[in-house]
Amino acid sequence: MAACAIRRGLLSTVSKCSKKRAHRILSVIQYNSGLELNRPRLQCSSCGLSNFQQTRFMSSRNRPEGKVLEPVGVFEAPKHHGKYETGQLFLHSVFGYRGIVLFPWHARLYDRDVTPPSSESKQDPPGSNGSKEVKGKTHTYYQVLIDTRDCPHISQRSQTEAVTFLANHDDSRALYAIPGLDYVSHEDILPYNSAEQVPIQHELFERFLMYKPSKSNPPFTARDTLQAWQEKNHPWLELSDVHRETTENIRVTVIPFYMGMREAQNSHVYWWRYCIRLENMGNEVVQLRERHWRIFSLSGTLETVRGRGVVGREPVLSKEQPAFQYSSHVSLQAPSGHMWGTFRIERTDGSHFDVRIPPFSLESNKDDKAPPAGYSF
């Protein structure tokens, strides 16, 4: 009876969501209805984390012996208009972790799945097959904290940080990272509320946010330290452009970040980080086998990079775990350039196809930067 009530409630909640996201939520409920202890909960279908429930219980099936599922909070209806406030608790709809919103970014989304009018398109960089880049649309992303308890279980990401920076010395290859700080698209947020005063475990949580029970939902508000940290580190954190393209149901999303310039051997070296997500939008199980990059520098060089997998992995994309995300870095001896390429994908029958990586610009639109303020490493 409880499972039926939850199913009816979620049906009304997700009725305005995409069919794919609605299916993910409902398929989880059907899976849970087979558990011996049939109490209501919401589990992420991507990583298996049981992040949201209303009652504590232990499952005796499909889980390691002795694992206890902890209560988290109460699910809220996702926002289809407007944006989430600082302090909003959420589950990531793809990777399943618990998180909290710090502040929003307004990015330009260049979506190649949308065919633009000819007047709104522009030529791509040399060698990118003469395709067109659509005019960017404004889209909301969020800077968030990831709950450190969930980081070990996010199997479909190569790392849980999305912010890296150059060291404050002459070694241009020295890179540092802020763990558990992520960028999340508006549609990836599944909001919930909690009565806990410290619902997220992260060393920056209590430095950036405070519990204020008199405040309407969310009951968490930004401390002055968060506002000061955001202002000082805006150049480090800024998210400006997002590029997306789908080939044969495999969608590739790229977010580039300029990191700064260093002098090395009497020349300037410019660094960028790029974050890539591959997502299987279909039902067929596939595996990433190879990468093929083309890197064009304003200095006139064109570099080709081929290799097995990405970041040492060859991820499988299935209906149960549809996405994989990773970050990497690139350097040029010029202030700007472009990158594009393909991923070689293998089907279960052994056949292959190439998925396009949308071309994206590498622009050094900021001056050299010092390491982020307000955080010790």
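Remember, it's a predicted structure, so these values are computed and weren't measured experimentally. (Residues numbered from 1 in each chain as written. Predicted model: local features only at pLDDT ≥ 70, side-chain atom pairs only at ≥ 80, totals over all residues. Heavy atoms only, no water.)

Caption draft 1: Structural detail: the overall build of the protein. Helix and strand counts for the protein come out as 5 helices and 23 strands. Burial statistics for the protein: of 377 residues in total, 51% are counted as buried. Excluding contacts between residues fewer than 6 apart, the proportion of contacts in the protein whose partners are at least 24 apart in sequence is 65%. Summed over all atoms, the accessible surface of the protein reaches about 17,900 Å², with 48% contributed by carbon and sulfur. (Helix = DSSP H or I, 4+ residues; strand = E, 2+ residues; numbered from the N terminus. Buried < 20%, exposed > 50% of the residue type's maximum accessible area, 1.4 Å probe, protein only. Contact = heavy atoms within 4.5 Å. Areas by Shrake-Rupley, 256 points an atom, 1.4 Å probe, with all protein chains shown as cover.)

Caption draft 2: Spotlight on the pattern of salt bridges. Scanning the entire structure with this criterion turns up 19 salt bridges. Close ionic contact of Arg 347 with Glu 248 constitutes a salt bridge, the shortest N to O distance being 2.8 Å. You can see Arg 347 sitting in strand β22 (residues 336-347) and its partner Glu 248 sitting in the loop between β15 (241-247) and β16 (250-264), a full 99 residues away along the chain. With its nearest N and O atoms 2.4 Å apart, the salt bridge here joins Asp 354 to Arg 344. Of the two residues, Asp 354 sits in strand β23 (residues 352-363) while Arg 344 sits in strand β22, which places them 10 residues apart along the sequence. (Salt bridge = Lys/Arg side-chain N within 4 Å of Asp/Glu carboxyl O.)

Caption draft 3: Focus on the nonpolar core. Of all hydrophobic cores here, the largest spans 32 residues; its most connected members are Ile 100, Leu 102, Trp 229, Leu 237 and Leu 239. With 6 residues, the single largest contributor to this core is strand β5 (residues 98-111). Grouped together as the second largest cluster of nonpolar side chains are 28 residues, Val 252, Tyr 274, Met 339 and Val 355 included. (Core = buried A, V, L, I, M, F, W, Y, C linked by side-chain atoms within 4.5 Å.)

Caption draft 4: Broad picture of unusual backbone geometry. The backbone of Glu 248 shows a phi angle near 50 degrees, a positive value even though the residue is not glycine. Its identity is not glycine, yet Asn 249 carries a phi of approximately 70 degrees, on the positive side. Structurally, Asn 249 is set in the loop between β15 and β16.

Caption draft 5: Broad picture of the environment of Phe 75. Within the element layout of this structure, Phe 75 appears in strand β3 (residues 74-75). On a C-alpha basis, the gap between Phe 75 and Leu 190 in space is 7.7 Å, while along the polypeptide they are 115 residues apart.

Caption draft 6: Just the environment of Arg 108, in detail. Relative to the helices and strands, Arg 108 is located in strand β5. Assessed through its relative accessible area of 30%, Arg 108 is described here as partly exposed. For the pair Arg 108 and His 139, spaced 31 residues apart in sequence, the C-alpha separation works out to 6.1 Å. Each residue touching Arg 108, except ones within four places of it in the same chain, is listed here: Gly 136, Lys 137, Thr 138, Ser 240, Asp 241 and Val 242.

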